[in-house]
Amino acid sequence: MTQLLLVELNEINFELVEKYAAAGDLPTFARFLGQHGYTETTSEADYEHLEPWIQWVTAHTGLSFADHGVFRLGDIVKTDHPQIWERLEAKGLRVGAVSPMNAKYRLENPAFFVPDPWTPTGIAAPASVKRLYAAISQAVNDNAEAKITPGSALAIALASAKSLSLDNADQYVGFVLKSVRQPWFRAMYLDLLLADVFAKSVATTRPDFASLFLNAGAHIQHHYMFSSRFYDGPFRNPEWYVAADGDPIADIYKLYDRLLGRLLARFPTARIMLATGLHQDPHPELQYYWRLKDHAAFLDRIGVGFTSIEPRMSRDFVVHCANADDAAKSAEQLARAVADDGQPLFSIDNRGDSLFVEFVYPSDISATDGFRVGNTAFDGLRDAVAFVAIKNGQHNGIGYFSDSAMRLGPGDRFALKDLPDRIEAALAPPQGMMTKNR
């Protein structure tokens, strides 16, 4: 049976990839897409449902949002929807995954399973990878301020030393040095490390199917698409944000080109599928992203009750309360918080005894800006938040798919929810042949 590796390049725009490839920057993508082509995948019609943590649940379960109902990152743990890994394991195949977005660990005997940094679920991996996962989770959830604890930095360094490919050693060093002034290289470092963990895990355990999720491209497109040399819109990122000659999109696409080339070289007999889930278009306006520096201190300051707070991706956090009554009071207080210009600071989703909260204020914040909660005025809003990004990219429900076992074109478009069936069909044993767990 041919081994199948699924590389999930979250939200990457293949049409933009083709422009860089045509310019000579991406030789592996030029060959791969030139030989195998690609097609589009379709997803939800409502823009509010075009979130990667919704669409990757669809891609893993074969269920549309109306059927799986998972709206928030991490909420997959509250469901029991069969995912592609369990479906294949039930057929006797050995499976693995590294950082699948919003996926739940439900396997009995995986080759390996390392969850994404935002989803509280199980992990099946060597001790060094478990330490790496804990360190990455801390680093990713504090990334608004590049705040990495000494313990996490050491854990990442040790895991890097144990997991990295020596062929990539120069890139690790280069990314660390560049990240001082070019923060997108931090995200690239983590994707490089995850790719090395994946390649080593596949080589060691030899699964029939394994998936690798890479998110740096989505992150960088959201924050820096206006700096692409192929962006021809009206906006430009300020030079304090990205140097005039910088092109973070080219940087991440070149990394993915190299990683794809190494997978093809290391696993020459494997069938490789590429999927993006969604893609991004340039954002039509300027919008700032902010993140609270100290969630608990800020909520204490404005009189919001909670039992615990769980930071999530970028601007999001979950407020846990003692009961539904307390949650309703906390939601009401958060909803009253507005900036000096009257725009709300938060959006709140009341889930009963917890609140899913986003810091949604979209404008620049100066050192003199304050805010108010009802009739109470507060100063120092800028001191309470960390700058995350200027939004450059927005979601588009069309994704892209390519497969090393076939030639695909525009006429082969399919719904993203059909991806698990495609994977299962590709791995179906010959009729009459049974497989078993190894």
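Residues numbered from 1 in each chain as written. Predicted model: local features only at pLDDT ≥ 70, side-chain atom pairs only at ≥ 80, totals over all residues. Heavy atoms only, no water.

### Some remarks on the sheet that holds strand β15 (residues 376-378)
Next up, step 1: Read across the sheet, three strands follow the order β11-β14-β15 without closing on themselves; strand pairing throughout is antiparallel. If you trace the sheet from one side to the other, it starts and ends with β11 (337-339) and β15, each paired once. Strand-to-strand twist in this sheet, taken as the mean axis angle between neighbours without regard to direction, amounts to 25°.
Next up, step 2: Note: β11 against strand β14 (residues 371-373), three bridges, orientation antiparallel. Looking at β14, one finds that A339 is bridged to F371. (Pairing = 2+ DSSP bridges. Helix = DSSP H or I, 4+ residues; strand = E, 2+ residues; numbered from the N terminus. Axes fitted to C-alpha atoms, helices over the stretch in contact; angles between N-to-C directions.)

### Let's talk about the sheet that holds strand β12 (residues 346-350)
Note: strands within a sheet are paired through backbone hydrogen bonds, in either parallel or antiparallel orientation.
Next up, step 1: Spatially, the four strands line up as an open sheet ordered β9-β10-β13-β12, and their pairing is antiparallel. Each having just a single partner strand, β9 (308-311) and β12 make up the two edges of the open sheet. Averaged over all pairs of adjacent strands, the angle between their axes in this sheet comes to 20°, without regard to strand direction.
Next up, step 2: Where β12 meets strand β13 (residues 354-359), five bridges bridge the pair, whose relative direction is antiparallel. Paired with D349 across the strands is F356, a residue of β13.

### So, helix α11 (residues 248-266)
Next up, step 1: Compared with an ideal rise of 1.5 Å per residue, which puts 19 residues at 27 Å, α11 spans 27 Å between its outermost C-alpha atoms and is within 8% of the ideal.
Next up, step 2: Taken as a whole, α11 has its buried residues at P248, I249, A250, I252, Y253, L255, Y256, D257, L259, L260 and L263. (Expected span 1.5 Å × (residues − 1). Buried < 20%, exposed > 50% of the residue type's maximum accessible area, 1.4 Å probe, protein only.)

### Some remarks on the pattern of salt bridges
Next up, step 1: Per the counting criterion, the structure on display carries 18 salt bridges.
Next up, step 2: Between R271 and D403 there is a salt bridge, and its shortest N-O distance comes to 2.6 Å. Placement of the pair is R271 in strand β6 (residues 271-275) and D403 in strand β18 (residues 399-403), with a sequence separation of 132 residues.
Next up, step 3: Given the relative accessible area of 17%, R271 is considered buried. (Salt bridge = Lys/Arg side-chain N within 4 Å of Asp/Glu carboxyl O.)

### Focus on the confidence of the model for the protein
Next up, step 1: On average, residues of the protein score 92 in pLDDT, and 93% of them reach the 70 mark or higher.
Next up, step 2: Taken as a whole, residues 431-438 scores under 50 in pLDDT and shows 15 contacts with residues more than four places along the chain or in a different chain. (pLDDT = per-residue confidence, 0-100. Contact = heavy atoms within 4.5 Å.)

### Focus: the packing of aromatic side chains
The description of two aromatic rings rests on the distance between their centres and on the angle between their planes.
Next up, step 1: For the coordinates displayed, the defined rule picks out 29 aromatic pairs.
Next up, step 2: With a centroid separation of 5.5 Å and 85° between ring planes, the pair formed by Y38 and Y400 is classed as edge-to-face. In this pair, Y38 sits in the loop between α2 (27-36) and β2 (39-42) while Y400 sits in strand β18, placing the two residues 362 residues apart along the sequence. With respect to class, Y38 is no different from Y400; both count as buried.
Next up, step 3: The structure contains a cluster of three or more aromatic residues connected by ring pairs, namely F175, W184, F185, Y224, W240, Y241, Y288, W290 and F387.
Next up, step 4: When the ring centre of F414 is taken as origin, the NZ or CZ atom of R422, which lies over that ring, is 3.9 Å away. (Phe/Tyr/Trp six-rings, centres within 6.5 Å; stacked < 30°, edge-to-face > 60°. Lys NZ or Arg CZ within 6 Å of the ring centre and 35° of its normal.)

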